[in-house]
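# A closer look at the structure
So the chains spell out like this:
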Amino acid sequence: MGRLIFIAVLLVVIAENASTQLVEVPAAKEEGDELGPMGLNFKEEEIDGGFSSLDGMLQWAIGHSDPGVLKERSEVFQRMSPEELKERQTEIKELVEKLKMPSDAQLMQIAVNDLDNSSLPLEHHQRALEELLVLVEHIDNAIDLQKLGGFSVLLRKLDHSEPEIRTAAAWVLGKASQNNPIVQKQVLELGALPMLMKMMKSHSTEEAIKALFAVSALIRNNLIGQDLFYQEAGHTMLQEVLSNSNLDIRLHKKSLFLIADLAEGQLENENTAAVPFFSNRLLLKAVVDSMASSDLDLQEKALYAIKNILLLRSTKIQVFKDFCKLNEALERTRQQLQQFMVEDDLREYATDLEGLRREVELTFLQKLGKLQDDDEFSWKFLA
(Lines give C-alpha, C1' and ligand atoms only; values in the text may rest on other atoms or scores of the structure.)
Protein backbone atom coordinates (compact mmCIF):
# COMPACT_ATOMS: atom_id res chain seq x y z
CA MET A 1 0.00 0.00 0.00
CA GLY A 2 2.88 2.38 0.82
CA ARG A 3 4.39 2.06 -2.68
CA LEU A 4 0.95 2.47 -4.24
CA ILE A 5 0.38 5.71 -2.33
CA PHE A 6 3.84 6.99 -3.24
CA ILE A 7 3.27 6.33 -6.94
CA ALA A 8 -0.14 8.00 -6.77
CA VAL A 9 1.35 11.06 -5.09
CA LEU A 10 4.00 11.42 -7.78
CA LEU A 11 1.45 10.98 -10.55
CA VAL A 12 -0.68 13.73 -9.05
CA VAL A 13 2.35 16.05 -8.97
CA ILE A 14 3.18 15.24 -12.60
CA ALA A 15 -0.33 15.32 -14.00
CA GLU A 16 -1.65 18.37 -12.17
CA ASN A 17 1.41 20.46 -12.91
CA ALA A 18 1.55 19.36 -16.53
CA SER A 19 -2.12 20.19 -16.99
CA THR A 20 -1.61 23.67 -15.60
CA GLN A 21 1.20 24.26 -18.10
CA LEU A 22 -0.56 23.14 -21.29
CA VAL A 23 -1.38 26.67 -22.43
CA GLU A 24 2.06 28.20 -22.01
CA VAL A 25 5.31 26.91 -20.56
CA PRO A 26 7.94 29.48 -19.64
CA ALA A 27 11.44 28.43 -20.67
CA ALA A 28 13.76 28.01 -17.72
CA LYS A 29 16.67 30.39 -18.12
CA GLU A 30 19.07 28.72 -15.76
CA GLU A 31 19.15 26.01 -13.20
CA GLY A 32 17.71 27.57 -10.08
CA ASP A 33 14.85 29.53 -11.67
CA GLU A 34 11.84 30.19 -9.49
CA LEU A 35 9.82 27.13 -8.55
CA GLY A 36 6.51 26.44 -10.21
CA PRO A 37 3.16 26.54 -8.40
CA MET A 38 3.55 23.02 -7.03
CA GLY A 39 7.09 23.49 -5.81
CA LEU A 40 8.74 22.07 -8.93
CA ASN A 41 11.42 23.61 -11.09
CA PHE A 42 10.01 23.17 -14.60
CA LYS A 43 11.83 23.14 -17.89
CA GLU A 44 9.89 23.10 -21.11
CA GLU A 45 11.34 19.88 -22.45
CA GLU A 46 10.50 18.06 -19.22
CA ILE A 47 6.81 18.95 -19.36
CA ASP A 48 6.33 18.57 -23.10
CA GLY A 49 7.42 14.94 -23.17
CA GLY A 50 10.30 12.59 -23.57
CA PHE A 51 9.13 10.13 -20.88
CA SER A 52 9.44 6.68 -22.43
CA SER A 53 7.83 4.91 -19.47
CA LEU A 54 6.08 5.39 -16.16
CA ASP A 55 9.40 4.78 -14.42
CA GLY A 56 10.87 7.68 -16.37
CA MET A 57 8.05 9.91 -15.14
CA LEU A 58 8.55 8.82 -11.56
CA GLN A 59 12.32 9.36 -11.65
CA TRP A 60 11.80 12.84 -13.08
CA ALA A 61 9.19 13.70 -10.43
CA ILE A 62 11.37 12.46 -7.58
CA GLY A 63 14.32 14.51 -8.79
CA HIS A 64 12.30 17.70 -9.21
CA SER A 65 9.81 17.55 -6.35
CA ASP A 66 9.64 19.70 -3.26
CA PRO A 67 9.81 17.25 -0.30
CA GLY A 68 7.28 19.36 1.59
CA VAL A 69 4.77 19.12 -1.24
CA LEU A 70 5.24 15.35 -1.50
CA LYS A 71 4.78 14.92 2.23
CA GLU A 72 1.59 16.97 2.22
CA ARG A 73 0.18 15.01 -0.73
CA SER A 74 1.17 11.73 0.87
CA GLU A 75 -0.75 12.54 4.05
CA VAL A 76 -3.86 13.31 1.98
CA PHE A 77 -3.62 10.00 0.14
CA GLN A 78 -3.02 8.03 3.30
CA ARG A 79 -6.40 9.19 4.59
CA MET A 80 -8.12 7.84 1.48
CA SER A 81 -9.85 4.48 1.41
CA PRO A 82 -8.63 1.89 -1.14
CA GLU A 83 -11.70 2.62 -3.26
CA GLU A 84 -11.05 6.38 -3.22
CA LEU A 85 -7.40 5.82 -4.03
CA LYS A 86 -8.24 3.57 -6.98
CA GLU A 87 -10.75 6.10 -8.29
CA ARG A 88 -8.18 8.90 -7.98
CA GLN A 89 -5.57 6.84 -9.87
CA THR A 90 -8.05 6.22 -12.70
CA GLU A 91 -8.66 9.96 -12.99
CA ILE A 92 -4.93 10.64 -13.06
CA LYS A 93 -4.34 7.98 -15.72
CA GLU A 94 -7.02 9.53 -17.93
CA LEU A 95 -5.49 12.97 -17.42
CA VAL A 96 -2.02 11.78 -18.37
CA GLU A 97 -3.35 10.09 -21.50
CA LYS A 98 -5.09 13.32 -22.51
CA LEU A 99 -1.78 15.14 -22.36
CA LYS A 100 -0.58 13.10 -25.36
CA MET A 101 3.07 13.77 -24.63
CA PRO A 102 5.13 13.70 -27.86
CA SER A 103 7.86 11.09 -28.28
CA ASP A 104 11.55 11.94 -28.32
CA ALA A 105 11.58 11.45 -32.10
CA GLN A 106 8.77 13.97 -32.49
CA LEU A 107 10.54 16.45 -30.24
CA MET A 108 13.75 16.05 -32.23
CA GLN A 109 11.92 16.56 -35.51
CA ILE A 110 10.36 19.76 -34.19
CA ALA A 111 13.77 21.01 -33.05
CA VAL A 112 15.41 20.12 -36.39
CA ASN A 113 12.63 21.86 -38.33
CA ASP A 114 12.96 24.98 -36.18
CA LEU A 115 16.72 24.94 -36.58
CA ASP A 116 16.40 24.64 -40.34
CA ASN A 117 13.91 27.51 -40.56
CA SER A 118 15.95 30.64 -41.29
CA SER A 119 12.91 32.87 -40.81
CA LEU A 120 12.74 32.10 -37.08
CA PRO A 121 14.52 34.45 -34.66
CA LEU A 122 17.90 33.52 -33.22
CA GLU A 123 16.51 32.59 -29.81
CA HIS A 124 14.35 29.89 -31.41
CA HIS A 125 17.42 28.32 -32.98
CA GLN A 126 19.24 28.49 -29.67
CA ARG A 127 16.30 26.84 -27.95
CA ALA A 128 16.16 24.08 -30.56
CA LEU A 129 19.85 23.35 -30.00
CA GLU A 130 19.34 23.22 -26.24
CA GLU A 131 16.55 20.68 -26.71
CA LEU A 132 18.68 18.54 -29.01
CA LEU A 133 21.54 18.65 -26.53
CA VAL A 134 19.33 16.95 -23.95
CA LEU A 135 17.70 14.49 -26.33
CA VAL A 136 20.86 13.14 -28.00
CA GLU A 137 22.29 11.99 -24.70
CA HIS A 138 20.22 8.84 -25.28
CA ILE A 139 22.17 6.65 -27.72
CA ASP A 140 19.11 5.61 -29.72
CA ASN A 141 17.98 9.21 -30.07
CA ALA A 142 21.42 10.20 -31.37
CA ILE A 143 21.23 7.46 -34.00
CA ASP A 144 17.71 8.48 -35.00
CA LEU A 145 18.76 12.11 -35.45
CA GLN A 146 20.46 11.25 -38.74
CA LYS A 147 17.20 9.79 -40.08
CA LEU A 148 15.54 13.13 -39.35
CA GLY A 149 18.21 15.03 -41.27
CA GLY A 150 19.53 16.51 -38.04
CA PHE A 151 23.27 16.13 -38.62
CA SER A 152 23.17 17.88 -42.00
CA VAL A 153 21.34 20.80 -40.39
CA LEU A 154 23.82 20.90 -37.51
CA LEU A 155 26.79 20.97 -39.88
CA ARG A 156 25.33 23.99 -41.64
CA LYS A 157 25.09 25.72 -38.26
CA LEU A 158 28.85 25.27 -37.79
CA ASP A 159 29.20 28.07 -40.35
CA HIS A 160 26.64 30.33 -38.70
CA SER A 161 27.52 34.00 -38.26
CA GLU A 162 26.77 33.90 -34.51
CA PRO A 163 29.40 32.16 -32.33
CA GLU A 164 26.72 31.07 -29.85
CA ILE A 165 24.99 29.02 -32.55
CA ARG A 166 28.26 27.52 -33.81
CA THR A 167 29.22 26.64 -30.25
CA ALA A 168 25.91 24.96 -29.45
CA ALA A 169 25.91 23.03 -32.75
CA ALA A 170 29.42 21.67 -32.03
CA TRP A 171 28.31 20.71 -28.53
CA VAL A 172 25.33 18.74 -29.84
CA LEU A 173 27.52 16.93 -32.38
CA GLY A 174 29.99 16.03 -29.64
CA LYS A 175 27.27 14.78 -27.30
CA ALA A 176 25.70 12.66 -30.02
CA SER A 177 29.07 11.16 -31.04
CA GLN A 178 30.26 10.18 -27.56
CA ASN A 179 30.78 6.40 -27.34
CA ASN A 180 28.53 5.98 -30.37
CA PRO A 181 30.40 4.47 -33.36
CA ILE A 182 27.30 4.61 -35.59
CA VAL A 183 26.96 8.35 -35.11
CA GLN A 184 30.73 8.86 -35.37
CA LYS A 185 30.66 7.24 -38.81
CA GLN A 186 27.67 9.31 -39.94
CA VAL A 187 29.12 12.62 -38.78
CA LEU A 188 32.60 11.89 -40.14
CA GLU A 189 31.18 11.00 -43.55
CA LEU A 190 29.41 14.37 -43.64
CA GLY A 191 32.80 16.10 -43.29
CA ALA A 192 32.38 17.53 -39.80
CA LEU A 193 35.93 16.93 -38.52
CA PRO A 194 37.80 19.54 -40.63
CA MET A 195 35.10 22.09 -39.84
CA LEU A 196 35.39 21.46 -36.10
CA MET A 197 39.19 21.61 -36.21
CA LYS A 198 38.94 24.98 -37.95
CA MET A 199 36.65 26.20 -35.16
CA MET A 200 39.47 25.46 -32.72
CA LYS A 201 41.10 28.72 -33.86
CA SER A 202 38.08 30.81 -32.92
CA HIS A 203 38.55 33.91 -30.77
CA SER A 204 35.60 32.67 -28.72
CA THR A 205 36.91 30.49 -25.90
CA GLU A 206 33.65 28.58 -25.52
CA GLU A 207 33.48 27.87 -29.24
CA ALA A 208 37.04 26.50 -29.24
CA ILE A 209 36.34 24.37 -26.16
CA LYS A 210 33.15 22.86 -27.57
CA ALA A 211 34.84 22.28 -30.93
CA LEU A 212 37.68 20.39 -29.24
CA PHE A 213 35.15 18.42 -27.23
CA ALA A 214 33.39 17.42 -30.46
CA VAL A 215 36.67 16.49 -32.14
CA SER A 216 37.62 14.26 -29.21
CA ALA A 217 34.18 12.61 -29.18
CA LEU A 218 34.32 11.96 -32.94
CA ILE A 219 37.72 10.23 -33.02
CA ARG A 220 37.71 8.43 -29.67
CA ASN A 221 38.15 4.69 -30.29
CA ASN A 222 37.58 5.36 -34.00
CA LEU A 223 40.57 4.49 -36.21
CA ILE A 224 39.08 6.08 -39.32
CA GLY A 225 38.44 9.30 -37.44
CA GLN A 226 41.94 9.25 -35.97
CA ASP A 227 43.54 8.73 -39.38
CA LEU A 228 41.59 11.70 -40.71
CA PHE A 229 42.65 13.75 -37.67
CA TYR A 230 46.32 12.95 -38.39
CA GLN A 231 45.85 13.81 -42.09
CA GLU A 232 44.39 17.17 -41.07
CA ALA A 233 47.59 17.96 -39.09
CA GLY A 234 46.02 17.36 -35.71
CA HIS A 235 49.47 17.37 -34.11
CA THR A 236 49.99 20.98 -35.22
CA MET A 237 46.61 22.00 -33.85
CA LEU A 238 47.30 20.51 -30.42
CA GLN A 239 50.88 21.77 -30.34
CA GLU A 240 49.69 25.32 -31.04
CA VAL A 241 47.14 25.08 -28.24
CA LEU A 242 49.63 23.80 -25.67
CA SER A 243 52.26 26.35 -26.69
CA ASN A 244 49.92 29.32 -26.32
CA SER A 245 49.90 30.36 -22.65
CA ASN A 246 47.21 32.96 -23.36
CA LEU A 247 44.57 30.33 -24.09
CA ASP A 248 42.08 29.15 -21.49
CA ILE A 249 43.58 26.39 -19.34
CA ARG A 250 40.57 24.19 -20.14
CA LEU A 251 41.80 23.97 -23.73
CA HIS A 252 45.20 22.84 -22.50
CA LYS A 253 43.65 20.17 -20.30
CA LYS A 254 41.36 18.85 -23.04
CA SER A 255 44.28 18.77 -25.48
CA LEU A 256 46.45 16.75 -23.09
CA PHE A 257 43.57 14.40 -22.37
CA LEU A 258 43.10 13.83 -26.10
CA ILE A 259 46.81 13.17 -26.62
CA ALA A 260 46.85 10.64 -23.77
CA ASP A 261 43.76 8.97 -25.19
CA LEU A 262 45.21 8.75 -28.70
CA ALA A 263 48.45 7.26 -27.35
CA GLU A 264 46.47 4.72 -25.33
CA GLY A 265 44.55 3.78 -28.46
CA GLN A 266 47.83 3.30 -30.31
CA LEU A 267 49.04 1.04 -27.50
CA GLU A 268 45.97 -1.14 -27.94
CA ASN A 269 46.67 -1.38 -31.68
CA GLU A 270 50.43 -1.89 -31.69
CA ASN A 271 50.16 -4.09 -34.77
CA THR A 272 49.14 -1.09 -36.84
CA ALA A 273 51.71 1.19 -38.42
CA ALA A 274 53.42 3.68 -36.13
CA VAL A 275 51.82 7.12 -36.13
CA PRO A 276 54.24 9.99 -36.87
CA PHE A 277 51.97 12.09 -34.66
CA PHE A 278 53.80 10.82 -31.57
CA SER A 279 57.23 11.55 -33.03
CA ASN A 280 56.61 15.24 -33.57
CA ARG A 281 59.27 16.96 -31.48
CA LEU A 282 57.45 20.26 -31.03
CA LEU A 283 54.30 18.52 -29.83
CA LEU A 284 56.20 16.32 -27.40
CA LYS A 285 58.06 19.32 -25.99
CA ALA A 286 54.79 21.20 -25.55
CA VAL A 287 53.42 18.25 -23.56
CA VAL A 288 56.52 18.06 -21.36
CA ASP A 289 56.53 21.82 -20.80
CA SER A 290 52.94 21.58 -19.54
CA MET A 291 54.26 19.93 -16.39
CA ALA A 292 55.63 23.31 -15.31
CA SER A 293 52.09 24.54 -14.61
CA SER A 294 51.06 25.18 -11.01
CA ASP A 295 47.67 23.59 -11.79
CA LEU A 296 47.81 20.04 -10.43
CA ASP A 297 45.08 18.78 -12.73
CA LEU A 298 47.03 20.00 -15.75
CA GLN A 299 50.18 18.37 -14.39
CA GLU A 300 48.33 15.09 -13.99
CA LYS A 301 47.04 15.13 -17.56
CA ALA A 302 50.52 15.96 -18.88
CA LEU A 303 52.06 13.08 -16.91
CA TYR A 304 49.45 10.62 -18.20
CA ALA A 305 50.08 11.74 -21.78
CA ILE A 306 53.85 11.35 -21.39
CA LYS A 307 53.44 7.96 -19.72
CA ASN A 308 51.33 6.59 -22.58
CA ILE A 309 53.65 7.95 -25.25
CA LEU A 310 56.72 6.51 -23.51
CA LEU A 311 55.11 3.07 -23.54
CA LEU A 312 54.84 3.09 -27.34
CA ARG A 313 57.47 0.96 -29.08
CA SER A 314 57.94 3.63 -31.74
CA THR A 315 58.77 6.38 -29.23
CA LYS A 316 62.13 8.06 -29.87
CA ILE A 317 63.41 8.22 -26.30
CA GLN A 318 66.38 10.36 -27.32
CA VAL A 319 63.97 13.14 -28.33
CA PHE A 320 62.52 13.14 -24.81
CA LYS A 321 66.02 13.24 -23.32
CA ASP A 322 67.79 15.79 -25.49
CA PHE A 323 65.11 17.95 -27.05
CA CYS A 324 62.30 17.86 -24.48
CA LYS A 325 64.64 17.73 -21.45
CA LEU A 326 62.23 15.32 -19.75
CA ASN A 327 64.64 14.41 -16.94
CA GLU A 328 64.99 18.03 -15.86
CA ALA A 329 61.23 18.61 -16.15
CA LEU A 330 60.50 15.60 -13.95
CA GLU A 331 62.90 16.86 -11.31
CA ARG A 332 61.30 20.32 -11.29
CA THR A 333 57.90 18.69 -10.93
CA ARG A 334 59.17 16.60 -8.00
CA GLN A 335 60.33 19.73 -6.17
CA GLN A 336 57.06 21.51 -6.90
CA LEU A 337 54.97 18.59 -5.63
CA GLN A 338 57.01 18.50 -2.41
CA GLN A 339 55.95 22.09 -1.77
CA PHE A 340 52.29 21.20 -2.34
CA MET A 341 52.55 18.28 0.08
CA VAL A 342 52.93 20.62 3.05
CA GLU A 343 49.48 22.11 2.35
CA ASP A 344 46.69 20.18 4.06
CA ASP A 345 44.16 20.59 1.27
CA LEU A 346 46.62 19.52 -1.45
CA ARG A 347 48.72 16.90 0.34
CA GLU A 348 46.77 13.83 -0.77
CA TYR A 349 46.46 14.91 -4.39
CA ALA A 350 50.12 15.94 -4.59
CA THR A 351 51.16 12.59 -3.08
CA ASP A 352 49.19 10.71 -5.71
CA LEU A 353 50.76 12.81 -8.44
CA GLU A 354 54.22 12.11 -7.08
CA GLY A 355 53.47 8.40 -7.47
CA LEU A 356 52.50 8.98 -11.09
CA ARG A 357 55.59 11.14 -11.64
CA ARG A 358 57.82 8.34 -10.32
CA GLU A 359 56.12 5.88 -12.63
CA VAL A 360 56.81 8.13 -15.61
CA GLU A 361 60.41 8.64 -14.48
CA LEU A 362 60.96 4.89 -14.08
CA THR A 363 59.55 4.17 -17.55
CA PHE A 364 61.75 6.90 -19.02
CA LEU A 365 64.91 5.62 -17.32
CA GLN A 366 64.17 2.03 -18.30
CA LYS A 367 63.76 2.93 -21.97
CA LEU A 368 66.81 5.17 -21.80
CA GLY A 369 68.84 2.37 -20.22
CA LYS A 370 67.73 -0.07 -22.88
CA LEU A 371 68.73 2.40 -25.59
CA GLN A 372 72.17 2.78 -24.01
CA ASP A 373 72.54 -1.00 -23.72
CA ASP A 374 71.59 -1.40 -27.37
CA ASP A 375 74.09 1.28 -28.39
CA GLU A 376 76.83 -0.43 -26.36
CA PHE A 377 75.98 -3.79 -27.90
CA SER A 378 76.05 -2.30 -31.40
CA TRP A 379 79.43 -0.68 -30.74
CA LYS A 380 80.92 -3.95 -29.49
CA PHE A 381 79.49 -5.83 -32.45
CA LEU A 382 80.97 -3.32 -34.91
CA ALA A 383 84.31 -3.37 -33.13
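Per chain, the residues get numbers from 1 upward, laid out in the order the sequence is written. At least 70 in pLDDT is required for a residue's local features to be given in this predicted model, at least 80 for side-chain atom pairs to be given and counted, and no such filter applies to totals for whole chains, interfaces and linings, which use all residues. Where side-chain values are given, they derive from all heavy atoms of the structure, hydrogens and water being excluded.

The numbering of helices and of strands both runs from the N terminus, where a helix is a DSSP run of H or I of at least 4 residues and a strand a run of E of at least 2. Per the secondary structure count, the protein chain includes 21 helices and 0 strands. With a 1.4 Å probe rolled over the protein chains alone, any residue whose accessible area is under 20% of its type maximum counts as buried; one over 50% counts as exposed, and the rest are partly exposed. Residue burial in the protein chain is summarised as follows: out of 383 residues, 44% are buried. Residue contacts are counted whenever heavy atoms from the two residues lie within 4.5 Å of one another. When contacts within the protein chain are restricted to residue pairs at least 6 apart in sequence, those whose partners lie at least 24 apart make up 70%. By element, 52% of the accessible surface of the protein chain is carried by carbon and sulfur atoms, the whole surface being about 20700 Å². Only the protein chains shown count as cover for residues, and the accessible areas themselves come from Shrake-Rupley with a 1.4 Å probe.

Turning next to the side chain of Glu354. If you trace the backbone, Glu354 turns up in helix 21 (residues 347-382). The contact partners of Glu354, leaving out residues within four places of it in the chain, are Arg334, Leu337 and Met341.

Moving on, we get to the packing of helix 11 (residues 181-189) against helix 13 (residues 205-219). Lines fitted to the C-alpha atoms define the axes, with helices restricted to the stretch that makes contact. Angles between their N-to-C directions range from 0 to 180 degrees. Interaxial distance between helix 11 and helix 13 falls to 9 Å at its minimum, and their mutual angle equals 115 degrees. Contact residues: Gln184, Val187 and Leu188 in helix 11; Ala217, Leu218 and Ile219 in helix 13. Residues were grouped as follows: Ala, Val, Leu, Ile, Met, Phe, Trp, Tyr, Cys and Pro as nonpolar; Asp, Glu, Lys and Arg as charged; and all remaining residues, including Gly, as polar. Taken together, the residues of the contact of helix 11 with helix 13 sort by class into 5 nonpolar, 1 polar and no charged.

Before going further, it helps to examine the packing of aromatic side chains. Think of it this way: a Phe, Tyr or Trp ring, Trp meaning its six-membered ring, pairs with another when their centres are within 6.5 Å, and the plane angle makes it stacked under 30 degrees, edge-to-face over 60, tilted otherwise. Applying the stated criterion to the full structure yields 1 aromatic pair. Between Lys210 and the ring centre of Trp171, over which it is positioned, the NZ or CZ distance is 4.4 Å. For the cation-ring pair, Arg281 lies above Phe323, with the distance from its terminal atom to the ring centre recorded as 4.2 Å. Cation placement over rings: the criterion is NZ of Lys or CZ of Arg within 6 Å of the ring centroid and within 35° of the ring normal.

Turning our eyes to something else, we now look at helix 6 (residues 104-115). What a helix should span is 1.5 Å times the count of its residues minus one. With 12 residues, helix 6 extends 16 Å from end C-alpha to end C-alpha; this agrees with the ideal 16 Å at 1.5 Å per step. Here helix 6 has its buried residues at Asp104, Leu107, Met108, Ala111, Val112 and Leu115. One face of helix 6 carries all of its buried residues, which in axial projection span an arc of 135 degrees. Arc, as used here, means the arc of the directions from the helix axis to the C-beta atoms.

Any Lys or Arg side-chain nitrogen located within 4 Å of an Asp or Glu carboxyl oxygen qualifies as a salt bridge. Counted under the stated rule, the structure contains 22 salt bridges. Here Glu361 and Arg357 are joined by a salt bridge, their closest N and O atoms 3.5 Å apart. You can see Glu361 and its partner Arg357 sitting in helix 21, 4 residues apart, about one turn around the helix. The network of salt bridges with shared partners includes Glu206, Lys210, Asp248 and Arg250.

All right, on to the packing of helix 6 against helix 7 (residues 122-135) then. Across the interface, helix 6 lies against helix 7 with an axial gap of 8 Å and an inter-helix angle of 150 degrees. It follows that helix 6 is roughly antiparallel to helix 7 by the angle criterion. The handedness of the crossing between helix 6 and helix 7 is left-handed. Contacts between helix 6 and helix 7 involve Asp104, Leu107, Met108, Ala111, Val112, Asp114 and Leu115 from the first element and His125, Ala128, Leu129, Glu131, Leu132 and Leu135 from the second. Partitioned by chemical class, the residues of the contact of helix 6 with helix 7 number 9 nonpolar, 1 polar and 3 charged. Relative orientations are named as follows: roughly parallel for angles under 35 degrees, roughly antiparallel for angles over 145 degrees, roughly perpendicular for angles from 65 to 115 degrees, and oblique for any other angle. Two helices cross in a left-handed way if the nearer one is turned anticlockwise from the farther one by less than a right angle. They cross in a right-handed way if the turn is clockwise.

For soluble globular proteins, the rule of thumb is that nonpolar side chains tend to be buried together. Put simply, buried Ala, Val, Leu, Ile, Met, Phe, Trp, Tyr and Cys residues joined by side-chain atoms within 4.5 Å make one nonpolar core. Ranked by internal contacts, the top residues of the largest apolar core, which has 89 residues, are Leu154, Phe229 and Phe320. Not counting chain neighbours up to four residues away, the residues in contact with Phe320 comprise Leu284, Val288, Ile306, Ile309, Leu310, Thr315, Lys325, Leu326 and Phe364.

Per-residue confidence for the protein chain gives a mean pLDDT of 81; residues scoring 70 or more make up 73%. In this model residues 375-383 is a low-confidence stretch, pLDDT under 50, and it forms 0 contacts with partners more than four residues away in sequence or in other chains. The pLDDT value expresses, per residue, how confident the predictor is, ranging between 0 and 100.

Moving on to the environment of Leu346. Along the chain, Leu346 turns up in the loop between helix 20 (326-340) and helix 21. Judged by its relative accessible area of 22%, Leu346 is partly exposed. Expressed as a C-alpha distance, the spacing of Leu346 and Leu296, which sit 50 residues apart in the sequence, is 9.1 Å. What Leu346 contacts, discounting residues up to four positions off in sequence, is Leu296 and Phe340.

The next point concerns helix 20. Under the 1.5 Å per step criterion, the end-to-end length of helix 20 is 21 Å for 15 residues, consistent within 8% with the ideal 21 Å. Taken as a whole, helix 20 has its buried residues at Leu326, Ala329, Leu330, Thr333, Gln336, Leu337 and Phe340. One side of helix 20 holds all its buried residues, which, seen down the axis, span an arc of 125 degrees. Along helix 20, exposed side chains directed more than 90 degrees from the buried face belong to Arg332 and Gln339.

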